[in-house]
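Coordinate analysis (summary)
Listed here are the chains, written in short residue letters.
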Amino acid sequence: MTDNLYNGSRLTAHGEDSIQFSIIVPVYNCEKYLIKCLDSLCNQDIFTLTNSRNYEIIIVDDGSTDKSGEICDSYAEKFSFIHVTHTENHGVAHARNIALKQCQGNYIMFSDPDDFVSPQLISVMTRAVELDNQADMFVFKFQSVNYNTLFKNWPVYDTSNMKKSDFIYNTNEELCFRISDGSIGGYPWNKVVKSEIIKQNRFNENLYVMSDEYFFLELLSSHKNMRICCIDYYLYCYILHKESGITRNFDKLYFKSGYAKFIYTLEQCLRIKDLPLKAKKQLQYNLYASTIHAIYRCPIKIKPGTYRKLKLYIKLYGCKYYFRSKAPLKSKLKTFIKHVLLLIRKK
């Protein structure tokens, strides 16, 4: 561990400090990255600024078979604000649901165990809450960096200059759409949500991919008129590597490219009650495009029943949503070309 971690004896117990934020970290076989993640969560400048710590870290070890569980326990022994639970392996959604039940903070945020955060994450969010304690959700910016790429220094923010007038507010409908079209994404780690709201929902444990996107679409659809505040601060670093969520190999799926489970999740998203129409239309285009790509990228023969269902999606959500989508032109052209080829392809 790094030498600059705060001495555990200087940390106050839960009874002495009000817990403003709970940070959920689901962990599974990530010993290579975990220490950097936990160091970044522990080394927050809020302690230096206020001589107190207003957050807790809730770790759920989802049945790791490497040394990840041991690393988590060593941090919990050193720091009173870190709490670790060990479970059998049931997936990230299950781990997050367990953590949600344990959180004591007024707001809940997330981190993946192979990423890391800005040292100003907590101080910036503390100031944001002070400026608008009526906000139900905060959304901040993040950086994506390849694992082998040298990370540049975090921008340094003067939180005393933060103004409420700098905040940008979104409606539930707009944020649902921006999650659906990928401009914000359904990631949990760039969002901070009031505990009283987020605890009313649960991550869907039956989804292999995109359970976080489904979670936030459902949350935003079920809680109308949320006050959603977007802040122009980079506070999270998403690391791209072969084990990460975007680049991992979906070798357990019958579409080896991952499209089978991806399409299934899109189907479930479209069934969300009261899903805003604008987001629904974007998801329908996503389903159409994913279906086209699935047929052409699948390395094995698709079963006739599955193939018929995929062609039905193409018929239902084809050109009608193709032209409405705000997807990049290059992506739309690729989809359109594959659609034309499919029409002349004999099956």
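Here is a short report on the structure shown in this document. Being a predicted model, the structure only gives us computed values, none of them experimental.

Reading guide: rules and limits
Residues numbered from 1 in each chain as written. Predicted model: local features only at pLDDT ≥ 70, side-chain atom pairs only at ≥ 80, totals over all residues. Heavy atoms only, no water. Core = buried A, V, L, I, M, F, W, Y, C linked by side-chain atoms within 4.5 Å. Buried < 20%, exposed > 50% of the residue type's maximum accessible area, 1.4 Å probe, protein only. Helix = DSSP H or I, 4+ residues; strand = E, 2+ residues; numbered from the N terminus. Contact = heavy atoms within 4.5 Å. Axes fitted to C-alpha atoms, helices over the stretch in contact; angles between N-to-C directions. Parallel < 35°, antiparallel > 145°, perpendicular 65-115°, else oblique. Left-handed = near helix turned anticlockwise from the far one by under 90°. Nonpolar A, V, L, I, M, F, W, Y, C, P; charged D, E, K, R; others polar. Polar contact = N/O pair within 3.5 Å; in protein donor to acceptor, adjacent residues only side chain to side chain. Pairing = 2+ DSSP bridges. Phe/Tyr/Trp six-rings, centres within 6.5 Å; stacked < 30°, edge-to-face > 60°. Lys NZ or Arg CZ within 6 Å of the ring centre and 35° of its normal. Salt bridge = Lys/Arg side-chain N within 4 Å of Asp/Glu carboxyl O.

1. A short note on the nonpolar core
- By size, the foremost hydrophobic cluster in this structure holds 44 residues, and its most contacted members are Phe21, Ile57, Met125, Phe138, Ile231 and Leu235.
- Elements with a contribution of two residues or more to this core: strand E1 (21-27), helix H1 (31-42), strand E2 (55-62), helix H3 (68-78), strand E4 (107-110), helix H5 (121-131), strand E6 (137-146) and strand E9 (228-240).
- Residues contacting phenylalanine 21, with those up to four places away along its chain left out, are Asn54, Tyr55, Glu56, Gly105, Tyr107, Met109, Ile122, Met125, Thr126, Val129 and Val192.
- Ranked by size, the runner-up nonpolar core spans 42 residues in total, among them Val60, Cys176, Ile184 and Met226.

2. Considerations on the packing of helix H6 (residues 172-180) against helix H8 (residues 211-222)
- Put simply, H6 and H8 touch, their axes get as near as 9 Å, and they point 165 degrees apart. Judged on the interaxial angle alone, H8 and H6 are roughly antiparallel. In the crossing of H6 with H8, the sense of the turn from one axis to the other is left-handed. Residues Asn172, Leu175, Cys176, Ile179 and Ser180 of H6 touch H8, and the partners they reach there are Glu213, Phe216, Leu217, Leu220 and Ser221.
- Partitioned by chemical class, the residues of the contact of H6 with H8 number six nonpolar, three polar and one charged.

3. Some remarks on the side chain of serine 22
- In this structure, serine 22 sits in strand E1.
- Within the structure, serine 22 has its side chain in polar contact with the side chain of glutamate 56 (distance 2.6 Å).
- Among the polar contacts listed, one links the side chain of serine 22 to the backbone nitrogen of glutamine 104, at a separation of 3.4 Å.
- Those residues in contact with serine 22 that lie beyond four places of it in its chain are Glu56, Cys103, Gln104, Gly105, Tyr107, Ile108 and Met109.

4. Some points on the pairing of E4
- Where burial is concerned, the two faces of E4 agree: the one with Tyr107 and Met109 and the one with Ile108 and Phe110 are both buried.
- As judged from the four bridges shared by E1 and E4, these two strands associate in the parallel manner. Directly across from isoleucine 23, in E4, lies its bridge partner methionine 109.
- Sheet topology note: the E4/strand E8 (residues 191-194) ladder contains two bridges and is antiparallel. Bridged to isoleucine 108 within E8 is valine 193.

5. A few points about the packing of aromatic side chains
- Overall, the coordinates contain 15 aromatic pairs when judged by the stated rule.
- When the centroid spacing of 5.4 Å and the interplanar angle of 80 degrees are considered together, the rings of phenylalanine 142 and tyrosine 187 count as edge-to-face. Taken as a pair, phenylalanine 142 in strand E6 and tyrosine 187 in the loop between H6 and E8 lie far apart in primary sequence, 45 residues in all.
- Here the aromatic residues Phe142, Tyr187, Trp189, Tyr236 and Tyr238 are joined through ring pairs into a cluster of three or more.
- Positioned above the aromatic ring of phenylalanine 203, the side-chain terminus of arginine 96 is 5.4 Å from the ring centre.
- The aromatic ring of phenylalanine 216 is capped on one face by lysine 191, whose charged end is 5.2 Å from the ring centroid.

6. Brief notes about the pattern of salt bridges
- Counting across every chain of the model gives five salt bridges.
- Put simply, lysine 278 and glutamate 174 hold a salt bridge, and the shortest N to O gap is 3.4 Å. Pair noted here: lysine 278 is in helix H10 (residues 277-297) and glutamate 174 is in helix H6, with a separation of 104 residues, a long-range link.
- On the basis of relative accessible area, lysine 278 is assigned to the partly exposed category, the value being 31%.

7. Side note on the packing of H1 against H3
- Contact geometry of H1 with H3 gives a least axis separation of 9 Å together with a crossing angle of 20 degrees. Classed by the angle they form, the pair H1 and H3 counts as roughly parallel. When the axes of H1 and H3 are compared, the crossing they make is right-handed. Within the contact between the two elements, H1 uses Glu31, Leu34, Ile35, Leu38, Asp39 and Cys42 and H3 uses Ser68, Ile71, Cys72 and Tyr75.
- Taken together, the residues that form the contact of H1 with H3 break down as seven nonpolar, one polar and two charged.

8. A short note on unusual backbone geometry
- We note that methionine 210 has phi near 60 degrees; this positive angle belongs to a residue other than glycine.
- When you line up the elements, methionine 210 lands in the loop between helix H7 (195-198) and H8.
- Owing to a relative accessible area of 16%, methionine 210 belongs among the buried residues under this scheme.
- Even without glycine at this site, aspartate 274 takes up a positive phi of about 60 degrees.
- Considering the arrangement of structural elements, one finds aspartate 274 in the loop between helix H9 (259-269) and H10.
- A residue is classified by how much of its surface remains accessible, and aspartate 274, at 46% relative accessible area, is partly exposed.

Honestly, that's just the spatial picture; any functional story needs more than this.
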